[in-house]
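Geometric and topological summary
The lines below spell out each chain.
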Amino acid sequence: MLRAGIVGLPNVGKSTLFNAITKSAALAANYPFATIDPNVGVVTLKDNRLDVLANMYKSGRIVPTTVEFTDIAGLVKGASKGEGLGNQFLSHIRDVDTICQVVRLFKDDNIIHVEGSVDPLRDIDIIQLELNISDYDSISKRIPKIEKKAKVGGSSDEKEEYELLIKIKQGLEDNTPIRLMDLTNDEKNIIKSYNFLSAKAMVYIANVSEEEIKNLDQNEVYQRLIQKGLAEDADVVAISAQIESELAQLSDEERLMFMAELGLEESGLDQLIRTTYHRLGLQTYFTAGPMEARAWTFKKGMSAPQCAGIIHTDFERGFIRAETVAFDDLVKYGTYQGAKEAGRVRQEGKDYLVKDGDVMLFKFNV
């Protein structure tokens, strides 16, 4: 399951957004640290393909893939040194796969801003600095422990780790987050166990007012945020937490009507979930039959046996082959049998790399 952490300075709309995501009752209050312990909510990733498969196979139930969102209490300047609730929050961020950072673009004199004014680019820099400092402190503690071995008689792995940590430390001194450093895949694997905060994928959530979401092209601050995202290979999603909060209380039919009135093709939350999913290189394959139609999350580049192992380790251990058909081919030919007669159902072996939208039946023997 994908785990995303919602972070931000106090009073930028994090808990309001989280409440809308999970339709839960996380405390949203007009003061810092309203959320002491991280609230966790699991939401489904909407995928119309799953509904099509369920209808085609007359499946008894539908099981979508899910995303876990954690609402992490507001960070403040100096968190890495213990300010606010400090390292307690940073440790919660360490447990997530990607960081969704809420920045406030809306102005409201009734809602205080911990920094005294609304400036999303400044807020981003504050949080990024805290993440960088936390990683810098971790590296500074680790280097002395391996330095002697790395320089005298140590293994090649220890030498590589030492040299890499020195390289990353220098980058952090220049205030460059690890995710923006030029690291090879081998180097990324070396530091994977450290779970560095500034190495995590980043999504910026621009919390705007109802009026602003209709005129984003004319919003200069939002456009600067877009440019920052492009420069940092980070996604930017515009959301009105207040609108999403209202949408969460409506029925599906009422929600569609309200969105149409606002000129929105999809809710901000659906866009956020989809963006977060793809930011980590995640894709979906399907299994379908009379009992259920189910979506399975996998990492792009995984082989058929690895994807089979997501369902059960025995499937991977005893993998024989995967009967596979592309979702688009199923739709084109109307039925599984139709796709088979057209030669679109394939028997894939151990070297096959699963593609997004594959509908699969695994053959195995243990």
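All of the points below concern the structure found in this document. Just so it is clear, the model here is predicted, and its values are computed rather than measured. (Residues numbered from 1 in each chain as written. Predicted model: local features only at pLDDT ≥ 70, side-chain atom pairs only at ≥ 80, totals over all residues. Heavy atoms only, no water.)

Some words on the overall build of the protein chain
Definition in use: Think of it this way: any DSSP run of H or I at least four residues long counts as a helix, any run of E at least two long counts as a strand, and we number them from the N terminus. Accessibility here uses a 1.4 Å probe with only protein chains present; expressed as a share of the type maximum, an area under 20% marks a residue as buried, one over 50% as exposed, and anything in between as partly exposed. Residues count as neighbours in contact if any of their non-hydrogen atoms are within 4.5 Å of one another. Here the open area of atoms and residues is found with the Shrake-Rupley method and a 1.4 Å probe, where only the protein chains shown may cover a residue.
Within the protein chain, the regular secondary structure consists of 15 helices and 12 strands. With 366 residues in all, the protein chain has 48% of them scored as buried. When contacts within the protein chain are restricted to residue pairs at least 6 apart in sequence, those whose partners lie at least 24 apart make up 68%. Looking at the protein chain as shown, the accessible area adds up to about 18,400 Å², and 48% of this sits on carbon and sulfur atoms.

Here we look at the packing of helix H4 (residues 120-151) against helix H5 (residues 156-173)
Operational definition: Each axis is a line fitted through C-alpha atoms, and for a helix only the stretch in contact is used; angles between axes span 0 to 180 degrees, taken between their N-to-C directions. For any helix crossing, the convention is left-handed if the near helix is rotated counterclockwise from the far helix by under a right angle, and right-handed if that rotation is clockwise. When residue character is reported, Ala, Val, Leu, Ile, Met, Phe, Trp, Tyr, Cys and Pro are called nonpolar, Asp, Glu, Lys and Arg charged, and the others, Gly included, polar.
Following both chains from N to C, one finds H4 and H5 inclined at 150°, their axes separated by 9 Å at the closest point. Note on packing geometry: the crossing formed by H4 with H5 is left-handed. For the pair H4 and H5, contact is made by Asn132, Asp135, Tyr136, Ile139, Ser140, Arg142, Ile143, Ile146, Glu147, Lys149, Ala150 and Lys151 and by Glu158, Lys159, Glu161, Tyr162, Leu165, Ile166, Ile168, Lys169, Leu172 and Glu173, respectively. Grouping the amino acids of the contact of H4 with H5 by side-chain chemistry returns 10 nonpolar, 2 polar and 10 charged.

Brief notes about the pairing of strand E10 (residues 319-326)
For clarity, the threshold we go by: Each pair of strands is called paired provided DSSP finds at least two bridges between the two strands.
Bridge count for E10 against strand E12 (residues 358-364) is 7 bridges, and the pairing is antiparallel. Residue Val325 lies in a different strand from E12, and its bridge partner there is Val359.

Some thoughts on the nonpolar core
Our working rule: Here, nonpolar core refers to any group of buried Ala, Val, Leu, Ile, Met, Phe, Trp, Tyr and Cys residues whose side-chain atoms link them within 4.5 Å.
In terms of nonpolar packing, the biggest core is built from 58 residues, with Leu17, Ile21, Phe69, Ile93, Leu131, Leu225 and Leu272 touching the most fellow members. Considering every element that reaches this core, the biggest residue donor is strand E6 (residues 201-207), with 6 residues. Beyond its immediate sequence surroundings of up to four residues, Leu17 is in contact with Val102, Ile205, Ile239, Ala241 and Leu269. Of all hydrophobic cores here, the second largest spans 15 residues; its members include Ala150, Leu165, Ile168 and Ile191.

Considerations on the environment of Thr66
Here Thr66 shows up in strand E4 (residues 66-71). The class of Thr66 is partly exposed, set by a relative accessible area of 23%. Residues Thr66 and Tyr277, spaced 211 residues apart in sequence, show a C-alpha to C-alpha distance of 9.6 Å. Look past the residues within four positions of Thr66 in its chain and what remains in contact with it is Met1, Leu2, Val42, Val43, Thr44 and Leu45.

Some points on the sheet that holds strand E7 (residues 235-239)
Ordered by their spatial adjacency, 6 strands build an open sheet running E2-E4-E1-E5-E6-E7, and the pairing between neighbours is mixed. Looking at the sheet topology across the chains shown, the edges are occupied by strand E2 (39-44) and E7. Strand-to-strand twist in this sheet, taken as the mean axis angle between neighbours without regard to direction, amounts to 25°. Pairing analysis gives 5 bridges linking strand E1 (residues 2-7) to E4, with the strands arranged parallel. Counted as the bridge partner of Leu2 is Val67 from E4. Lying on the sheet, helix H8 (residues 220-231) is in contact with strand E5 (98-104), E6 and E7; it crosses E7 at an angle near 155°. Along the sheet face, helix H11 (residues 268-279) touches E1, E2, E4, E5, E6 and E7 and points at about 170° away from the line of E7.

Section: the side chain of Lys228
Inspection of the secondary structure puts Lys228 in helix H8. For Lys228, the contacting residues outside a window of four places in its chain are Leu121, Ile124, Asp125 and Tyr204.

Some points on helix H2 (residues 48-57)
Put simply, the rule is: Summarising the geometry, the arc corresponds to the directions from the helix axis toward the C-beta atoms.
Turning to H2, its buried residues are Leu50, Leu53, Ala54 and Tyr57. Mapping the buried residues of H2 onto a view down its axis gives an arc of 100°, with all of them on the same face. Exposed residues lying more than 90 degrees from the buried face of H2 are Asn48 and Asn55. If you follow the buried residues of H2, they end up packed against strand E3 (61-63), strand E8 (282-288), strand E9 (292-299), helix H14 (327-333), helix H15 (336-341) and E12.

Points about the pattern of salt bridges
One side chain can pair with another of opposite charge once the charged atoms of both are near each other. Applicable threshold: By convention in these notes, a salt bridge is any Lys or Arg side-chain nitrogen within 4 Å of a carboxyl oxygen on Asp or Glu.
Under the criterion given, the structure shown has 22 salt bridges. Arg49 is the salt-bridge partner of Asp356, the closest N and O atoms lying 3.0 Å from each other. Separated by 307 residues along the polypeptide, Asp356 in the loop between strand E11 (346-348) and E12 and Arg49 in helix H2 bring together distant segments of the chain. Note that Lys228 and Glu232 form a salt bridge whose closest N and O atoms lie 2.9 Å from each other. Overall, the relative accessible area of 19% leaves Lys228 in the buried class. Here the salt bridges do not stand alone but share partners, grouping Asp125, Arg179, Lys228 and Glu232 into one network.

Quick look at the packing of aromatic side chains
Spelled out, the test is: Paired rings are identified among Phe, Tyr and Trp, the last through its six-membered ring, by centres lying within 6.5 Å, and are further divided according to the angle between planes into stacked (under 30 degrees), edge-to-face (over 60) and tilted (the rest).
Tallied over the entire structure, the rule returns 6 aromatic pairs. An aromatic cluster is present here, built from Tyr285, Trp296, Phe298, Phe319 and Phe362 joined pairwise through their rings.

What to know about unusual backbone geometry
Although it is not a glycine, Asn195 adopts a positive phi angle of roughly 55°. Within the secondary structure, Asn195 is located in the loop between helix H6 (185-190) and E6. According to the relative accessible area criterion, Asn195 is partly exposed, its value standing at 32%. The phi angle at Asp233 is positive, at roughly 55°, despite the residue not being glycine. Among the structural elements, Asp233 can be located in the loop between H8 and E7.

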